[in-house]
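Survey of secondary and tertiary structure
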Amino acid sequence: MAVQENENEGIMIEDEATGACLDGDVEEIDASDADIRRLALGFIQDAFEEGMSHGIDSTALSHAALFTAMMDLVSLFGEDAVTKFAEELPMRVQRGDYSLERCVH
């Protein structure tokens, strides 16, 4: 995955598997995994705000986001790997990994 910056359109992510890219002058920049995750989180937060502005409640959006994420993870890593990941979720929730006060992603 390549992160690119365009003066007129801001930052974009290019899917290297498909080669999808914007037309025009695009400059590739170095971005850490943490930078890409923060950018991705921003897109998800924007989508939540957009959905809520159209009257969709946050619980419905959360369920849809989790379902979409799990489908994507299963397609990328398989059911066994995602099952192992999901088994760790209760510990991570109790540890505070998903609490707003501790969110450092």
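For every chain, the first residue of the written sequence is number 1, and numbering continues from 1 onward in sequence order. It should be noted that, the model being predicted, local features are given only for residues of pLDDT at least 70 and side-chain atom pairs only at 80 or more, the latter also being counted only at that level, while totals for whole chains, interfaces and linings use all residues. Values shown for side chains rest on all heavy atoms present in the structure; no hydrogens or waters enter the calculation.

Note on definitions: salt bridges are taken to be side-chain nitrogens of Lys or Arg within 4 Å of carboxyl oxygens of Asp or Glu. For the structure shown, the criterion picks out 4 salt bridges. One salt bridge in this structure joins Asp33 and Arg37, with 2.8 Å as the shortest N-O distance. Of this pair, Asp33 and Arg37 are both found in helix 1 (residues 33-53), 4 residues apart, which corresponds to roughly one turn of the helix. When the shortest N-O distance is used, the salt bridge between Asp35 and Arg38 registers 3.2 Å. With a gap of 3 residues between them, Asp35 and Arg38 both fall in helix 1, about one helical turn apart. Among the residues examined, Asp35 registers a relative accessible area of 36% and is labelled partly exposed. Burial here depends on accessible area, computed with a 1.4 Å probe over protein chains only, as a share of the maximum for the residue type. Under 20% is buried, over 50% is exposed, and the range in between is partly exposed. The class for Arg38 is partly exposed, based on a relative accessible area of 42%. Residues joined in a network through salt bridges with shared partners are Arg92, Arg95 and Asp97. Going along the chain from the N terminus, every DSSP run of H or I of four or more residues is numbered as a helix, and every run of E of two or more is numbered as a strand.

Moving on: the confidence of the model for the protein chain. Residue-level confidence of the predictor, termed pLDDT, takes values from 0 up to 100. Overall, the predicted model of the protein chain reaches an average pLDDT of 80, with 69% of residues at or above 70. Contacts are residue-level and defined by heavy atoms, with any inter-residue pair within 4.5 Å sufficient. Taken as a whole, residues 20-24 scores under 50 in pLDDT and shows 9 contacts with residues more than four places along the chain or in a different chain.

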